[in-house]
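# Examination of the molecular architecture
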Amino acid sequence: MEAQMQEPENVETKSPEATMPNINNQTGTITKLQPTVQSQEQWLKYGEQVSGFLATLPDYLGIFFNKYKQPLISIGLIVGAIVAVKIVLAILDALNDIPLVAPTFELIGIGYSTWFIYRYLLKASTREELTNEITTLKSQVVGKQVSGS
């Protein structure tokens with residue numbers, strides 16, 4: 001008994017490209033599709049709306065800035081302070097990577113702290129002098145006389 005092999009049936013399938021109508025049915029010619037008049041009118045209407053908005057945009061921004069001037073300035077200062085802190089921390093991190101710089105800064109800090117304690121905190125008269133200097137500085141910053149506590 002011989003096994004008979006069946007030949008598969010050929011089933012034609014049409015691709016989506018084959019089912020679309022052929023616009024250019026003549027060789028060497030290109031058919032141009034003309035946009036409809038309605039779409040051009042819509043584009044003109046959209047263009048007028050956009051140009052009208054862009055024409056009034058400076059007025060809207062001026063009104064918005066005048067209305068919210070103080071909060072915008074506060075937010076700007078906060079963002080600026082955050083950026084400044086990040087930059088200072090990056091510089092200090094870079095300085096810490098240089099050999100012998102970090103120990104040198106530590107020695108300078110210990111020396112200044114020792115001098116400050118000796119100069120202002122050991123005697124009562126120098127503590128009073130420090131208090132007067134701080135009170136004077138407060139009055140200069142605030143702009144009015146600050147009562148000593």
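Look above for the structure.
All values derive from a computational prediction rather than experimental measurement.

### Quick word on the packing of aromatic side chains
- Evaluation of the coordinates by the stated rule reveals six aromatic pairs.
- Note on F64 and Y68: the rings are 5.0 Å apart at their centroids and 50° apart in plane angle, and the pair reads as tilted.
- Judged by relative accessible area, F64 falls into the partly exposed class, the value being 44%.
- Residue Y68 is classed as partly exposed on the basis of its relative accessible area, which comes to 35%.
- Seen in terms of ring centroids, W115 and Y120 are 6.2 Å apart; in terms of plane orientation they differ by 85°. Their pairing is edge-to-face.
- Taking relative accessible area as the criterion, W115 reaches 42% and is therefore assigned partly exposed.
- Of the aromatic side chains, those joined through ring pairs into one cluster are Y112, W115, F116 and Y120.
- Looking at R119, its charged tip hangs above the ring of Y120, at a distance of 4.7 Å from the centre.

Rules behind the numbers
Residues numbered from 1 in each chain as written. Predicted model: local features only at pLDDT ≥ 70, side-chain atom pairs only at ≥ 80, totals over all residues. Heavy atoms only, no water. Phe/Tyr/Trp six-rings, centres within 6.5 Å; stacked < 30°, edge-to-face > 60°. Buried < 20%, exposed > 50% of the residue type's maximum accessible area, 1.4 Å probe, protein only. Lys NZ or Arg CZ within 6 Å of the ring centre and 35° of its normal.

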